[in-house]
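Chain by chain, the residues:
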Number of protein chains: 2
Amino acid sequence: MVEKLTSQSVDYPRWYQEVVQRADLAENAPVRGAMIIKPYGYGLWEQMQSVLDRMFKETGHQNAYFPLLIPESFLKKEAEHVEGFSPELAVVTHAGGKRLEEPYVIRPTSETIIWDTFRNWIQSYRDLPLLINQWANVVRWEMRPRLFLRTTEFLWQEGHTAHASEEEAHEETIRMLGVYATFAEEYMAMPVIQGMKTDREKFAGAVKTYSIEAMMGDGKALQAGTSHDLGQNFARAFDVKYQTSEGKEEYVWATSWGVSTRLVGALVMAHGDDQGLVLPPRLAPIQTVIVPIYKGSEQRSTVIEACSVMEKALQAAGARTHLDDREQFRPGFKFNEWELKGVPVRIEVGPRDLERGEVVLAFRHSGDKKSLPIEAVATEVMNVLEEAQRGLFEKALAAREANTHSIDSFDEFKERIDGGGFFLCHWDGTTETEELIQQQTKATIRNLPLDAPDDPGRCMVTGNPSPHRVIISKAY
Amino acid sequence: MVEKLTSQSVDYPRWYQEVVQRADLAENAPVRGAMIIKPYGYGLWEQMQSVLDRMFKETGHQNAYFPLLIPESFLKKEAEHVEGFSPELAVVTHAGGKRLEEPYVIRPTSETIIWDTFRNWIQSYRDLPLLINQWANVVRWEMRPRLFLRTTEFLWQEGHTAHASEEEAHEETIRMLGVYATFAEEYMAMPVIQGMKTDREKFAGAVKTYSIEAMMGDGKALQAGTSHDLGQNFARAFDVKYQTSEGKEEYVWATSWGVSTRLVGALVMAHGDDQGLVLPPRLAPIQTVIVPIYKGSEQRSTVIEACSVMEKALQAAGARTHLDDREQFRPGFKFNEWELKGVPVRIEVGPRDLERGEVVLAFRHSGDKKSLPIEAVATEVMNVLEEAQRGLFEKALAAREANTHSIDSFDEFKERIDGGGFFLCHWDGTTETEELIQQQTKATIRNLPLDAPDDPGRCMVTGNPSPHRVIISKAY
């Protein structure tokens, strides 16, 4: 028997740790706060990478690679940047058997080394926009690490772009936020809210930071991606100027944006249930699993043969399919295991199914079952998977809507915040109020939604005027 | 005008540095011995990754990811391993604002952290073989760095596998060496010799190391990939045992194998000439470039329109195609630039070509030109590229054969070694003789070819018996 997971309702954080490890996504490394991403978890990340990489290229970006180690002095060139990152740095002081004259830091993000390089790559307006992306590992010394959500080392992509005008940089910032939102919704089946972070929560060195925020299964928010309008901050810090078409010299305008292996954690918590993972078909490393059901070796050979034929037909139709023909486990054990691993569609094939010429498809996200004629399985599989993809998104959207509340009284807010969910509230725009809300409730302003309707009101804490509602929630 | 490169015959190392930088493959980073891989160079690496990754998956391997930082004590568990790598280590002594209790080293390779993990992943024969690959960056503090060939940080893949028997591990070692050879020959168009390294040259911690060795344009050898039979060395160091199907406990057998961004340097030197890079079509980020030729704006619009149609047709046919429609440069300048960048096929399109209904294709590797009816370009392009791929391999093979010499006298060897090339010589199998050859000539035994015919003879240095010839050459 597969041992049962701790129920989400009993202990959500423990459920998370268990499902990540038991579904073979990742495990803790013998290195403080780091993780080992196991093949199944890495397969999920590879699916994400492949889609995102295509989306970045379709929007005109090229990949490049910059060094892991950054001279410590580079970090210090942008004042806010170094202040934000220095508590989290890992520092190389010795190499090749000697003490280094200047220590290197392991990149916590690559703005500094990239803008130092951009100085040589950009001379004229003809060199702009410069649209670069990097797939890399970064290190940030986290105090309270959790698998995927917060690890001392993580994998990510970081886009770094240079533009000839403030408007173009702003457009790029919003465009890439939109790419992240599309990816989250259409591939992860995870609805997100695009919005601007408050000044207090913005990236160290940015003029404005934008985020996509998703709701997890326990009603908490998770920041799933950020896009930064960096203004001319890094161009000034690294002296990156260009000659305009009129022959003038001007500082370049910048953006940066990133998503990381944190998205794997988001996927786990956006859709998972007490049986384990629930993966969206478009990203699932295994989209359909075939489980043969038989008694004795004669039945076995007939059933396995039919399953093999079906496996090949499904693969030829474009579905990532696995035939679980292990002899040492019973079907019930296999059902549980593939449910734990979140495979979207299970196909059960037994002797009676073969006689009837039909098989049963079981959907992970809904628990529904459906019969299909055997010869229709391959022709229908991609439709079936798309149906499951939509169903999962709609389920997540409905859950988010059911847990989103418009609240106008701080007392009511304080009463309800521990129940989880997104709270749409008026806020007076001051850091003081923002801090007060966090101190009293542990909730934070997640973002100021881009599509917030004009809805003037009064701050729920101070009563001062507010132009529209913001999202407040507890968060990962 | 594109400035001329230093000629290979004048100064080969300088030619290499210039072509790598001027063709936009990479540049030196402001970090000792590290490089910045520019989009064109990274595009080449992405093509390599994509083919290799497919080949690894086709041979049953799965990707995973292990930490960048390794506790220093792990390195010390395998005696030869730590001895080999400790001079090259970069060490993290501080993180999160504090001195670490135990320093971490940045992985120079991942055997130690991976075998520490495999201990938990392997219990029984059912868990074997375990076939893992990792795409990662590694750091080795090189004293004499050169772009791509020897950098303090490089990108690579490292395969790590665990097996139930010595034979299976040996088979895997040879299988992956074969995958590398196939990749080198069929994709890089670079003939290689598969063979065993001498004990003196084997990987620190291996029982046997195998390599593929390629000949560069100056006649020197370059080790392009290695595959190691690790025996039970790491299993013993990290106590990784499995239960056999008979219920006995045994240590696991291991392999590891890797290729790196060094392959980009190999590609440059295997095929490059005084005009710049020569890229094999199967890996070229741009396989065909269309250069419009026109005078005045009226001709321009007709020609550009025809070029755009052709670009789309070529892309639809599966050819990575770029239309160079920049207005500020003349065709001659563009020809030089795309030759520098090694694009396999250039298509010239001018008004007279359009009138005749034909265009001229120019092949980078041979300098040949060929006319094709416009309507045949898209249907023929993949054949044309495959033809260029074969032509390039044959050219490289002919060059290697012309520069490979069977030599039986050490005096003759010493006279001819400075002229470059591979020397097939008899060697008595001792480390003393191997060291003597290197001290007197700076040449090294590259490997003992797997397919060396039985050809007993006498060591060219000592006259002692030798079963077959080995390859000796100067090397990168």
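**Comments concerning the relation of the copies chain B and chain A**
For step 1, the next point in the chain: The transformation that overlays chain B on chain A combines an axial shift of 0.0 Å with a rotation of 180°, and the residual RMSD is 0.0 Å. When the rotation and shift are considered jointly, the pair of chain copies conforms to a two-fold rotation axis. Taking the C-alpha atom as reference, chain B places B:Val92 closest to the rotation axis, 2.1 Å from it.
For step 2, the next point in the chain: Mapped onto chain A, 100% of the interface residues of chain B again fall at the interface, so both copies present the same surface.

**Overview of the interface of chain B and chain A**
For step 1, the next point in the chain: Taken together, the contacts link 37 residues of chain B with 37 residues of chain A.
For step 2, the next point in the chain: Those elements giving two or more residues to the side of chain B that touches chain A turn out to be β2 (35–37), α2 (39–58), β3 (62–63), β4 (69–71), β5 (90–95), α5 (111–121), β7 (130–139) and β8 (153–163) of chain B.
For step 3, the next point in the chain: Among the elements that make up the side of chain B that touches chain A, the one with the highest residue count is β5(B) (6 residues).
For step 4, the next point in the chain: Residues of the side of chain B that touches chain A, tallied by class, amount to 24 nonpolar, 8 polar and 5 charged.
For step 5, the next point in the chain: In terms of strand pairing, strand β5 (residues 90–95) of chain A meets β5(B) through 5 bridges, oriented antiparallel. In the strand pairing of β5(B), A:Val91 is matched with B:His94.

**A few points about the environment of B:Lys474**
Residue and element names in this part refer to chain B.
For step 1, the next point in the chain: With respect to the secondary-structure elements, Lys 474 resides in the segment after β25 (469–473).
For step 2, the next point in the chain: Using a count of 21 C-beta atoms within 10 Å as the deciding quantity, one classes Lys 474 as buried.
For step 3, the next point in the chain: Sequence spacing of Lys 474 and Phe 423 is 51 residues, and the spatial spacing of their C-alpha atoms is 9.7 Å.
For step 4, the next point in the chain: If we ignore the near neighbours within four places in the chain, the residues touching Lys 474 are Lys 220, Ile 417, Gly 420, Lys 442 and Ala 443.

**Some details on helix α8 (residues 262–271) of chain A**
Within an α-helix, residues lying three or four positions from one another point in the same direction, as the helix has 3.6 residues per turn.
For step 1, the next point in the chain: For α8(A), the tally of buried residues reaches 10 of 10 residues, placing the bulk of the element in the interior.
For step 2, the next point in the chain: For α8(A), the set of buried residues is A:Arg262, A:Leu263, A:Val264, A:Gly265, A:Ala266, A:Leu267, A:Val268, A:Met269, A:Ala270 and A:His271.

**Brief notes about the domain arrangement of chain A**
All names here are of chain A.
For step 1, the next point in the chain: Along its sequence, chain A is organised into domain 1 (12–271), domain 2 (288–385) and domain 3 (404–473).
For step 2, the next point in the chain: Each of domain 1 and domain 3 has a C-alpha centre, and the two are 28 Å apart.
For step 3, the next point in the chain: Between domain 1 and domain 3, the contact holds 15 residues from the first and 13 residues from the second.
For step 4, the next point in the chain: If one sorts the elements of the side of domain 1 that touches domain 3 by residue count, strand β9 (residues 192–196) sits on top with 4 residues.
For step 5, the next point in the chain: Classifying every residue of the side of domain 1 that touches domain 3 by side-chain character gives 4 nonpolar, 5 polar and 6 charged.

**Remarks on the sheet that holds strand β16 (residues 321–323) of chain B**
Sheet strands pair via backbone hydrogen bonds, and the direction of the pair is either parallel or antiparallel.
All names here are of chain B.
For step 1, the next point in the chain: The 5 strands are arranged β16-β15-β17-β18-β19 in an open sheet whose pairing can be described as mixed. Because the sheet does not close on itself, it has two edges, and the strands there are β16 and β19 (369–373). Ignoring which end each strand starts from, the neighbouring axes of this sheet average 25° apart.
For step 2, the next point in the chain: Across 3 bridges, the pairing between strand β15 (residues 288–292) and β16 is parallel. Counted as the bridge partner of Ile 290 is Leu 323 from β16.
For step 3, the next point in the chain: Each of β15 and β17 (345–349) touches helix α10 (residues 331–340); the most contacted strand, β15, lies at about 170° to it.

**Here's the deal with the packing of helix α2 (residues 39–58) of chain A against helix α6 (residues 166–187) of chain A**
Residue and element names in this part refer to chain A.
For step 1, the next point in the chain: At a minimum axis separation of 11 Å, α2 and α6 run at an interaxial angle of 140°. Considering only the axes of α2 and α6, their crossing is right-handed. Within the contact between the two elements, α2 uses Val 51, Leu 52 and Met 55 and α6 uses Val 179, Phe 183 and Tyr 187.
For step 2, the next point in the chain: Class assignment of the residues belonging to the contact of α2 with α6 gives a composition of 6 nonpolar, no polar and no charged.

Procedures and definitions
Residues numbered from 1 in each chain as written. Chains lettered and ligands numbered in written order. Predicted model: local features only at pLDDT ≥ 70, side-chain atom pairs only at ≥ 80, totals over all residues. Least-squares fit on C-alpha atoms with pLDDT ≥ 70 in both. Contact = placed C-beta atoms within 7 Å. Helix = DSSP H or I, 4+ residues; strand = E, 2+ residues; numbered from the N terminus. Nonpolar A, V, L, I, M, F, W, Y, C, P; charged D, E, K, R; others polar. Pairing = 2+ DSSP bridges. Buried ≥ 20, exposed ≤ 12 C-beta atoms within 10 Å, placed from the backbone. Domains from an automatic or database assignment. Axes fitted to C-alpha atoms, helices over the stretch in contact; angles between N-to-C directions. Left-handed = near helix turned anticlockwise from the far one by under 90°.

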